Amino acid sequence: MRKMLKKLSLLLIGVMLISLFSGCTKNTSATSSSKINVGALFELTGQVASYGTSEYNAVKLYIDNINKNGGVLGKQINLIKADNKSASDESINQATKLTVEDNVVAILGPATTGNTKAASSVALSKNIPLITPSGTSFDVTVDPNTNKVKSEIFRACYTDPYQGKVMGEFAAKDLNAKTAVIYIDNKSDYSKGLAKSFKEQFEKLGGKVIDQEAYVAGDQDFKSTLTKIKGINADVIFIPGYYQDTAKIAKQAREMGIEVPLLGGDGWDSPDLLKIAGASALNNVYYSNHFISTDPDPIVQDFIKKYKDAYGTEPDAFAALAYDSAGMLVQAIKDANSTDPAKITDALANLKNFKGVTGTISIDAQHNPIKQTVIIELKDGKQTLKKKISAE
């Protein structure tokens, strides 16, 4: 009996050791893989799927090209697609899956501020670098409670305060506006952030915001508020929202005879803007943006050709930003000479003079890019370059 028990004990110990060894072997193979796992977390369905789809397509385009040319550090990048469904809770769920189950070394995305902040909470807790192409709120990279920089969070776009300031200055100096009305999405941090900095800069330069009105994303009929705005007769109307709403506002405003300049931020940029608003509504419209497709820069034109060849349509600014985000990550992996997330984070924080589609990018102390801005004028819905503003 004792011999049998002894043999049974030895057998059990052997099974346990085999299991333990197998587990260790699995983990080791994951870390020594010939592939680099990178998360692509975007709004592929839901309210802002136009942004997320453009960004995912651009990221995939960049990574596919890198892989065709040998990858990075001798490894192929394994791009893992994740859909946050344009929702904050799903951004958290998908970021958790990417970091815990998929063992990504970095996350590209999401597109919007709210979803980026949600995903960032996971990235920070797991010490995984995250680059948002277009999350513009200032507190994406800086904790508003402590004013400390969020160590692993970066962006390829400029901030809401910056573009609001740019448009406030443009209204006062370039359009010689003396009065303005602001029309915001009352539930959007993005909209409220732009409105605040626009007002501050416009009034600093001698202008006066004489009214501020609000709508809620998804509204269909804006005529009641637009009737009030029309009666105020301001020189310009600043509408810092997303294209689904601003297109309808522009269309209804023009139908009501409101002909003053309509101003906005990068949320206006989408191929669907023209489809919704119609060409006749999109005159005397100006908005800040990250690039314009008519820029003759060879980097810009090469990107546009590749995107058109791949997807049969011209890229918008969100695609350009995402393409640059992927490029920033690849450059950081090269600079770090490592796939260690901590080393990639350090390399991103020290990124200098990366030549991207949206300009030459250097990362500042608050993990924001230092680069150029463009102001686009719409003429019958077609983009024309109104002004290019150098990096500060």
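Under an unreviewed UniProt entry, the name given to the protein is ABC-type branched-chain amino acid transport system, periplasmic component, and the source organism is Thermoanaerobacterium thermosaccharolyticum M0795. Turning to the protein, the UniProt record has this under Sequence similarities (unreviewed entry): "Belongs to the leucine-binding protein family."

A. Focus on the sheet that holds strand β7 (residues 208-215). The seven strands lie next to each other as β7-β6-β8-β9-β10-β14-β15, forming an open sheet whose pairing is mixed. Looking at which strands have only one partner, the edges of the open sheet turn out to be β7 and β15 (382-389). Each strand axis lies, on average, 25 degrees off the axis of its neighbour in the sheet, ignoring direction. Bridge count for strand β9 (residues 262-264) against strand β10 (residues 285-289) is three bridges, and the pairing is parallel. Pairing of L263 across the sheet is with Y286, part of β10. Those strands touched by helix α5 (residues 160-174) are β8 (236-238), β9, β10, β14 (373-379) and β15, and its axis lies near 145 degrees from that of β10.

B. Highlighting the sheet that holds strand β12 (residues 359-363). The strand order across the open sheet formed by three strands is β11-β12-β13, and the pairing between neighbours is antiparallel. The open sheet is flanked by β11 (354-356) and β13 (369-370), the only strands paired with a single partner. Pairing between β11 and β12: three bridges, direction antiparallel. Across the sheet, the residue bridging to F354 is I361, located in β12. On the sheet, helix α11 (residues 317-336) packs against β11 and β12 and is oriented at approximately 155 degrees with respect to β11.

C. Structural detail: the pairing of β14. Burial runs high along β14: six of the seven residues are buried. Bridge count between β10 and β14: five bridges; the pairing is antiparallel. Considered in β14, the bridge of Y287 is made with I376. Inspection of the sheet shows β14 paired to β15 by seven bridges, in the antiparallel sense. Pairing of V374 across the sheet is with K388, part of β15. If you look at the hairpin formed by β14 and β15, you'll find two residues sitting between the two strands, and D380 has a positive phi there, around 50 degrees.

Calculation criteria
Residues numbered from 1 in each chain as written. Predicted model: local features only at pLDDT ≥ 70, side-chain atom pairs only at ≥ 80, totals over all residues. Heavy atoms only, no water. UniProt positions renumbered as here; feature names shortened; annotations may be inferred. Pairing = 2+ DSSP bridges. Helix = DSSP H or I, 4+ residues; strand = E, 2+ residues; numbered from the N terminus. Axes fitted to C-alpha atoms, helices over the stretch in contact; angles between N-to-C directions. Contact = heavy atoms within 4.5 Å. Buried < 20%, exposed > 50% of the residue type's maximum accessible area, 1.4 Å probe, protein only.

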